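# Coordinates in review
Below, each chain spelled out in residue letters.
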Amino acid sequence: MALHEARTQGAEMMEAAEDLFAEAKAEAVADIFAAAMAGAQKKPPHEAPRAEEKPKAEPTDESREEAPASQAKER
């Protein structure tokens, strides 16, 4: 009888410990998710490039043919 009672109490304690662990884990995951969402919302949205920041267009084949010989050597 004593062995059975000890096993029952041990199983109940183990179940309680597992429940506490699962609850702590769920709270930690929720905190991490909330922090990640808050960090993502703080980042500024991507801005459109300004006119002076736009990259220069690549010359087309037509413009290369029209370029003077001095400019063709530089390329």
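As the structure is a computational prediction, the values presented were derived from the model and not from experiment.

Bringing the overall build of the protein chain into the picture now. Across its full length, the protein chain holds 3 helices and 0 strands. Scanning the protein chain from its N terminus toward the C terminus, one meets helices and strands in the order α-α-α. Residues classed as buried in the protein chain amount to 1% of the 75 residues present.

Below, the discussion takes up a negative patch on the surface. Among the surface-exposed residues, Glu5, Glu12, Glu15, Glu18, Asp19, Glu23, Glu27 and Asp31 lie close enough to one another that they form a single negatively charged patch. Residue placement: glutamate 27 occurs in helix H1 (residues 2–42).

Averaged over every residue, the pLDDT of the protein chain is 79; the share at 70 or more is 56%. The lowest-confidence element of the protein chain is helix H3 (residues 69–74), averaging 54 in pLDDT; the highest-confidence one is H1, averaging 95.

What counts and how
Residues numbered from 1 in each chain as written. Predicted model: local features only at pLDDT ≥ 70, side-chain atom pairs only at ≥ 80, totals over all residues. Heavy atoms only, no water. Helix = DSSP H or I, 4+ residues; strand = E, 2+ residues; numbered from the N terminus. Buried < 20%, exposed > 50% of the residue type's maximum accessible area, 1.4 Å probe, protein only. Patch = residues over 30% accessible without salt bridge, like charges linked within 9 Å, V, L, I, M, F, W, Y side chains within 5 Å. Areas by Shrake-Rupley, 256 points an atom, 1.4 Å probe, with all protein chains shown as cover. Salt bridge = Lys/Arg side-chain N within 4 Å of Asp/Glu carboxyl O. Lys, Arg positive; Asp, Glu negative; His and termini not counted. Charge placed at Lys NZ, Arg CZ, Asp CG, Glu CD. pLDDT = per-residue confidence, 0-100.

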